[in-house]
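A structural walkthrough
One letter stands for each residue in the lines below.
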Amino acid sequence: SSDVCSSDLTKISEANAVLTRIRYGNKQALLYPPDGGPPKEVPYNEIAKHIVVDPENRKKKSQWKYAELYYPLGLLEKGIVIVDPPGTNKFLEREQMTAEETANSDAAVYLFMAAQGLKDSERRFIESCLASKECFWLVTRRDSLRDEEQIEEARAALESELGEERPDDDSISSRIFFVDAYQAQKARVEGDPDAFSASGMAAFVTALGKFIAGDRHHAKMSSLCARLGEILQSLDESTKSQLIDTEREHRDVVQRRRELTRR
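Regarding the packing of helix α3 (residues 120-129) against helix α4 (residues 148-165)
It is the contact of α3 with α4, at a shortest axis distance of 10 Å, that shows an interaxial angle of 45°. Classified by the angle their axes make, α3 and α4 are oblique. Considering how the two elements wind past one another, α3 and α4 form a crossing that is right-handed. In contact with Arg123, Ile126 and Glu127 of α3, α4 contributes Glu161, Leu162, Glu164 and Glu165. Looking at the contact of α3 with α4 residue by residue, the classes come out as 2 nonpolar, no polar and 5 charged.

The following block contains the structure:
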């Protein structure tokens, strides 16, 4: 299967307390305990009660390790798994969970709030966890921007900031999408394709679909090659170190033989 990882930064405070995987299938919601026991099924429309951060105590740990949602979404039919982890701005444990899941993903969909620059924590996460990942940059709350001119200004600023963090990534400009998520959801419910397209979400879905249909195989091979290069470099350094140690031991043995011969 292939994972597409999405980091939820659509609100000022992170919403997710539990990592959630979304798979293809009939509608079903399962919660998995940390002890590895069997999952608990809950009503689909009540899943949010179990996986969001407690607003009264945001540091409170969830009693669940992760959740799995099954939904008959065409995007997921070919073994694609969408992973929605906790955010990256608040608590170390949740950020580590997100980083570990991202490492196993083929691509990342990183969410920003419109009219906000990159936070230091976001820069660290992009540099440390997304360096070798294919990334899509989704900017929510497009409706909070005044007009198209302001959207383009925000786009240029974000592209510049991301370019500083990923200087070798020539796909940034084509993978920044400004969307009105509420309008998109409303359009889907009402079956209005024109409104869905106007929300900006259609362009993002099309680009992501193209990646899933073919580009992800190239991305996976590139990621494997990069990992293989790291392993080979590590082996090379280890071999050099061992050769140095062997030469040192050889010199020591030769020196001892000379001393014994003199005696």
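Structure's up, so let's keep going.
Focus: the side chain of arginine 142
The topology assignment puts arginine 142 in the loop between β8 (134-140) and α4. Comment: no salt bridge for buried arginine 142; closest opposite-charge side chain is glutamate 148, at 5.3 Å. Beyond its immediate stretch of four places on either side in the chain, arginine 142 contacts Ala114, Ile151, Phe178, Val179, Asp180, Gln183, Ala198, Ser199 and Gly200.

Digging into the nonpolar core
Counting 20 residues, the largest nonpolar core has Val109, Phe136, Leu138, Phe177, Phe196, Met201 and Phe204 as the members making the most contacts within it. For this core, the secondary structure elements donating two or more residues are β6 (80-84), β7 (107-113), β8, α5 (181-190), α6 (193-198) and α7 (201-262). Those residues in contact with phenylalanine 177 that sit more than four places away from it in its chain are Phe136, Trp137, Leu138, Val139, Ala203, Phe204 and Ala207. By size, the runner-up hydrophobic cluster in this structure holds 19 residues, among which are Phe112, Leu130, Cys135 and Ala154.

A look at α5
Every α-helical turn comprises 3.6 residues, leaving residues that sit three or four positions apart pointing alike. Measuring from the side-chain oxygen of the N-cap residue of α5 to the backbone nitrogen of tyrosine 182 gives 3.3 Å; that N-cap residue is aspartate 180. Directly beyond the C-terminal end of α5, a positive phi value near 65° is found at glycine 191.

Notes on the environment of alanine 103
Considering the arrangement of structural elements, one finds alanine 103 in helix α2 (residues 92-103). Classification of alanine 103 by relative accessible area gives exposed; the value is 51%. Along the sequence, alanine 103 and serine 132 sit 29 residues apart, while their C-alpha atoms lie 9.2 Å from each other.

What counts, and where the lines are drawn
- Residues numbered from 1 in each chain as written.
- Predicted model: local features only at pLDDT ≥ 70, side-chain atom pairs only at ≥ 80, totals over all residues.
- Heavy atoms only, no water.
- Axes fitted to C-alpha atoms, helices over the stretch in contact; angles between N-to-C directions.
- Helix = DSSP H or I, 4+ residues; strand = E, 2+ residues; numbered from the N terminus.
- Parallel < 35°, antiparallel > 145°, perpendicular 65-115°, else oblique.
- Left-handed = near helix turned anticlockwise from the far one by under 90°.
- Contact = heavy atoms within 4.5 Å.
- Nonpolar A, V, L, I, M, F, W, Y, C, P; charged D, E, K, R; others polar.
- Buried < 20%, exposed > 50% of the residue type's maximum accessible area, 1.4 Å probe, protein only.
- Lys, Arg positive; Asp, Glu negative; His and termini not counted.
- Salt bridge = Lys/Arg side-chain N within 4 Å of Asp/Glu carboxyl O.
- Core = buried A, V, L, I, M, F, W, Y, C linked by side-chain atoms within 4.5 Å.
- Polar contact = N/O pair within 3.5 Å; in protein donor to acceptor, adjacent residues only side chain to side chain.

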